[in-house]
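The chain contents come next:
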Amino acid sequence: PRQPGRRRGRASRQSRVVVARVEMKTVGNRVAAVGTGRAFRSLTLSADVSGVVESVNIVPGQKVDAGTALVVLESAAQRIAVKLAQVNVDEAAAAVKRYQTLESRNVASSVQLEQAKTKLAQAKAELESKQYDLARRTISAPFAGVVGITRLTKGDYIKEGTAIATIDDTSKLIVDFVVSETFASQIKLGQGVRALSPSVLGVVFQGTVSAKDSRIDIASRTLRVEATLPNAENRLIPGMTFSVSIRIEGAKLPTVPNLAVRWDRNGAHVWVVDPKTQTARRVAVRIRSRTARAASVEGKLAEGDQVVTEGLESLRPGAKVTVVQGG
């Protein structure tokens, strides 16, 4: 006699639930990344030739102009070679002038004049070669920048290719970072960038996207991007870490309270109440962004749908529910 009554009790039982309405909100309107800064231009200076150091004009951390002589090698032999080459050029030039005069008087032939011109050209080429050899004895700054630490002193002997010091152009800083392929097509050259560094607290640095890679990295599924930050005050140093954000066109996504999202072995989901039949149905979702109160998701949800936030434990697909709050 008890069995029929028990079946009727189960059939008539309904889950009491609290619901909230789905709202459509714009999310994902900023791409965030962590990047590392490097100098706009950076170079390790090295010696073109071997020799003994005659003078070192490097003060670590000092800014120098382009063309500033930083290290000079002993060059007495090269200076003598330049002087001798100049003498040969002067002699060859005088010979050409002399033959030009003689030719005008029909004393010398045009062949002799052409030979004199050839010797002058050879002498000039030899002079340029000797001047080049002399110039290589001086290591100069290729661009304006800040020089690093060097261990060279006067009298040191260095070999060709020996590293001397670093020089960095820090008038601008390049920040390297990566973004997910999801946003790759929305990153444009010239786009504004906001950057924060723990080394300079409370300051927001504004820059622009200056370069992006031509392809997605197949291993990480990310795109490499570079942003340029002005650094006129030299507050930024190569090697700093930056939190970078770029504003992009956001997508409107269903947003639900965090309490409505549940997980099981099949993934994240919410329960939606059909207001006409007062039954619950499960909807699979994928979380795109989350705050302390709500989650923006991808799934088959429409604005105004009722999602269950309390009373979820006893829900099954098609189960009858009674909405006690919300709606």
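These numbers come from a predicted model, not from an experiment. (Residues numbered from 1 in each chain as written. Predicted model: local features only at pLDDT ≥ 70, side-chain atom pairs only at ≥ 80, totals over all residues. Heavy atoms only, no water.)

*Asks:* When you look at the nonpolar core in this model, what are you seeing that I'm missing?
*Replies:* Nonpolar side chains in soluble globular proteins tend to end up buried together. Of all hydrophobic cores here, the largest spans 25 residues; its most connected members are Phe177, Leu236 and Phe242. If near-sequence neighbours (up to four positions away) are discounted, phenylalanine 242 is found in contact with Ala33, Val34, Gly35, Gly37, Leu173, Val175, Ala195, Leu196, Ser197, Leu229 and Leu236. Residues Val64, Phe143, Leu152 and Ala165 belong to the second largest nonpolar core, which totals 18 residues. (Core = buried A, V, L, I, M, F, W, Y, C linked by side-chain atoms within 4.5 Å. Buried < 20%, exposed > 50% of the residue type's maximum accessible area, 1.4 Å probe, protein only. Contact = heavy atoms within 4.5 Å.)

*Asks:* Got a minute to help me understand the packing of helix 2 (residues 76-104) against helix 3 (residues 110-135) in this structure?
*Replies:* The geometry of a pair of packed helices is captured by two quantities: the angle between their axes and the separation between those axes. Where helix 2 meets helix 3, the closest approach of the two axes is 8 Å, and the angle between their N-to-C directions is 165°. As the angle between them shows, helix 2 and helix 3 are arranged roughly antiparallel. Of the two elements, helix 2 crosses helix 3, and the hand of that crossing is left-handed. (Axes fitted to C-alpha atoms, helices over the stretch in contact; angles between N-to-C directions. Helix = DSSP H or I, 4+ residues; strand = E, 2+ residues; numbered from the N terminus. Parallel < 35°, antiparallel > 145°, perpendicular 65-115°, else oblique. Left-handed = near helix turned anticlockwise from the far one by under 90°.)

*Asks:* Is there a simple way to explain the packing of aromatic side chains in this structure?
*Replies:* When we look at a pair of aromatic rings, we describe it by the centre distance and by the angle of the planes. One pass over the full model with this rule turns up 0 aromatic pairs. In this arrangement the basic side chain of arginine 98 is found over the ring face of tyrosine 99, its NZ or CZ atom lying 6.0 Å from the centre. When the ring centre of phenylalanine 40 is taken as reference, the NZ or CZ atom of lysine 172 above it lies at 5.0 Å. (Phe/Tyr/Trp six-rings, centres within 6.5 Å; stacked < 30°, edge-to-face > 60°. Lys NZ or Arg CZ within 6 Å of the ring centre and 35° of its normal.)

*Asks:* Even after reading the chapter, I still don't get unusual backbone geometry, so can you show me in this structure?
*Replies:* The phi angle of most residues is negative, glycine excepted, and most peptide bonds adopt the trans form. Residue arginine 221 is not a glycine yet carries a positive backbone phi of 55°. Looking at where arginine 221 falls in the secondary structure, it is placed in the loop between strand 12 (200-212) and strand 13 (222-230). Accessibility expressed as a relative area gives 37% for arginine 221, which makes it partly exposed. At asparagine 234, a residue that is not glycine, the phi angle is positive and equals roughly 55°. Among the secondary structure elements, asparagine 234 is positioned in the loop between strand 13 and strand 14 (241-247).

*Asks:* What should I look at first to understand the sheet that holds strand 9 (residues 157-158) in this one?
*Replies:* Working definition: the strands of a sheet are paired by backbone hydrogen bonds and lie parallel or antiparallel to each other. Spatial ordering of the open sheet is given by 7-6-4-9, a layout of 4 strands whose pairing is antiparallel. The two strands at the open ends of the sheet, each matched to only one other strand, are strand 7 (138-140) and strand 9. (Pairing = 2+ DSSP bridges.)

*Asks:* In this structure, what is going on with the pattern of salt bridges? I would like to understand it.
*Replies:* A side chain with one charge may pair with a side chain of the opposite charge, provided their charged atoms come close. Inspection of the entire model under this criterion finds 12 salt bridges. The closest approach of N and O atoms between glutamate 126 and lysine 130, which form a salt bridge, is 3.6 Å. Residue glutamate 126 and its partner lysine 130 are both found in helix 3; the two are separated by 4 residues, about one turn of the helix. When its relative accessible area of 37% is taken as the criterion, glutamate 126 is described as partly exposed. Owing to a relative accessible area of 26%, lysine 130 belongs among the partly exposed residues under this scheme. The network of salt bridges with shared partners includes Arg38, Asp176, Arg224 and Glu226. (Salt bridge = Lys/Arg side-chain N within 4 Å of Asp/Glu carboxyl O.)

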